[in-house]
Amino acid sequence: MGISRVAVLGAGLSGLMLTWKLQEAGIETIVLEAQSEVGGVGKTMVWNGFRLEAGPHHFHTREQPLAQELKQLMGGESLIQTRQNRIWFQNRWIAYPLSTRSLLEIPPTTLIQAVGELALLWSQHRLGFNLPTPPTQPGLLPKYGKVLDQLLMNEYRQKIQQVPASSLRPTWYTSISPASSPLQAAQQLLQGLFRPPKARTLTFHDPSQGFGSIAKKLEQRILAAGGQIQTNIQLRKIHAPDDEIQAIEYHYDNQEHWLPIDYLFSTIPLTTLFFRWNPIPPHSLLEHSYRLRHCSLVYLNILLPQATETDNMWWGYFPETHYSFYRASPAQLHSPSHSLPQQQSCLTVEWMLPTDHPLHDASAQQLLEEALPGLEEAKLLRKEDVKDLWVHKESRALPLEHPTQQSQLREISSYLTKIRRFRAVGQQGKFHLSPLAENLRNSLQAARSIIKESN
Ligand SMILES: Cc1cc2nc3c(=O)[nH]c(=O)nc-3n(C[C@H](O)[C@H](O)[C@H](O)COP(=O)(O)OP(=O)(O)OC[C@H]3O[C@@H](n4cnc5c(N)ncnc54)[C@H](O)[C@@H]3O)c2cc1C
């Protein structure tokens, strides 16, 4: 197949990685980005001398080739570090992800409830009658029950904390793979109890200058290889007559542009893409797409005096709150190489909320009032210590995955997979909340397969 020009929609980390690899292989590639800067949610900001991330905070992969790829890209600016994890659950800190031993730290009544829920769900499943999933209960809940769902929810909810070693009791890390039967569960439990303890740490390959620097490096590489990055564009139409990609129409610099292309990759939200599609997709699919929902993120950054207990430098998670997702973490640990301002620390509180949630319009002070009870209870701060506040928001940053929309998503994606010379990648392109490692791996694979096809 002759491929001489590829377009990539979206200059987030997925789109940039893909573009770099294609351009490096000699395939002329242009990235079209709606914002004025590259990086998407991979953006790093500075406030009061602290580096704050808009999206990814930690990069973790067990795949050596991927880690190597990133290390090469970042040169001396990648930092390998180990971190330890804890979460605040029912008035105490417990090790996370759970190990068999850390299950013993869960209050006995909660543990009994969790085991009961698991047994019930397992027997329902084995006996062949599945209860319908209530529409308000996403995540692992239908499979594992409420208590374990709160503790084991997907990797995005994993709380990655760096904790002063002195403040930790010895704990052990085991990744949880759910048992398929009570017998297997019992075996796992026994193995866990008798297995020699491993250090409870994960290894991260985080850029020392923040995640925004990955985008900057990719941008440099793309431009050096002769690729094009067009920012501030307005996407008008994607022309795919007879189920084959033909051209993109967009507005840029007060002019309309028509760009004939041989292949299109999209990393932009599926919802946006579908509404620009020409010919217009079937009405039912447009409706499905219209109903797909996004979450936005609200961050409250709190400046505190250094005097705040260092023991309290946790990544915290407060599952008893009514928010779908809520966590607090020390900002300085996002960028450990950064020299910290004296006598200060910064705690970031983060809410992930449906886009129409009223908390989006709250002031910094209102957000602080909202967060205070949880933060004080976990002894993360005292109100009188707060020196300054700053709010930043990332609107529609995340796909809100929900069991009720899985079938609609499948229909949309089966329509799109029919389109020749088109592929959706990235978190928004797939409408699937996924860690950076997964997105970068997919971009690398996509690039490899197109390079192979074009040869
Ligand atoms: C709050 C948050 C925390 C995270 N934490 C972690 C973490 O700790 N570790 C980890 O591994 N992963 C984490 N992730 C996931 C990680 O950020 C993503 O995997 C990755 O950044 C997604 O990159 P992307 O390029 O696919 O998407 P995005 O960064 O969303 O890029 C999409 C791009 O498309 C552009 N765009 C949108 N509409 C249009 C249009 N109409 N025309 C042109 N361009 C358009 C956008 O402006 C954007 O630049 C986190 C994500 C978020 C949001």
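Everything discussed here concerns the structure shown above.
Position numbers for residues start from 1 in each chain and track the written sequence from start to end. Local features in a predicted model are, by the rule used here, given only for residues with pLDDT of at least 70; side-chain atom pairs are given and counted only at 80 or more, and totals for whole chains, interfaces and linings are based on all residues. Calculated side-chain values reflect all of the structure's heavy atoms, with hydrogen atoms and water omitted.

Novice: So what's going on with the sheet that holds strand β12 (residues 255-260)? Which residues, and what values?
Specialist: The strand order across the open sheet formed by four strands is β12-β11-β10-β14, and the pairing between neighbours is mixed. With one partner strand each, in any of the chains shown, β12 and β14 (277-278) form the two edges of the open sheet. Strand pairing follows a simple DSSP-based rule, namely that at least 2 bridges must link the two strands. Helix numbering and strand numbering both begin at the N terminus, where a helix is a DSSP run of H or I of at least 4 residues and a strand a DSSP run of E of at least 2.

Novice: Explain the pairing of strand β11 (residues 247-252) to me, and be specific about the residues and the numbers.
Specialist: Pairing of strand β10 (residues 234-239) with β11, which is carried by five bridges, proceeds in the antiparallel orientation. Residue pairing across strands places I238 opposite I248, the latter belonging to β11. Pairing of β11 with β12 involves six bridges; the strand directions are antiparallel. If you follow I248 over to β12, its bridge partner there is L259. Hairpin connection of β11 to β12: two residues between the antiparallel strands, including D253 at a positive phi of 55°.

Novice: Tell me about helix α10 (residues 283-291), and name the residues and values.
Specialist: Three labels apply to residues, based on accessible area from a 1.4 Å probe with only protein chains included: buried if under 20% of the type maximum, exposed if over 50%, partly exposed otherwise in between. Considered for burial, the residues of α10 that qualify are L285, L286, H288 and S289. Here the buried residues of α10 occupy an arc of 160° about the axis, which is enough to place them on one side. Away from its buried face, by an angle of more than 90 degrees, α10 presents the exposed residues H283, Y290 and R291. Contacts are assigned to residue pairs with any non-hydrogen atoms lying within 4.5 Å of each other. Lining the buried residues of α10 we find α9 (270-275) and α12 (406-417). Working definition: the arc comes from the directions between the helix axis and the C-beta atoms, pointing outward to the latter.

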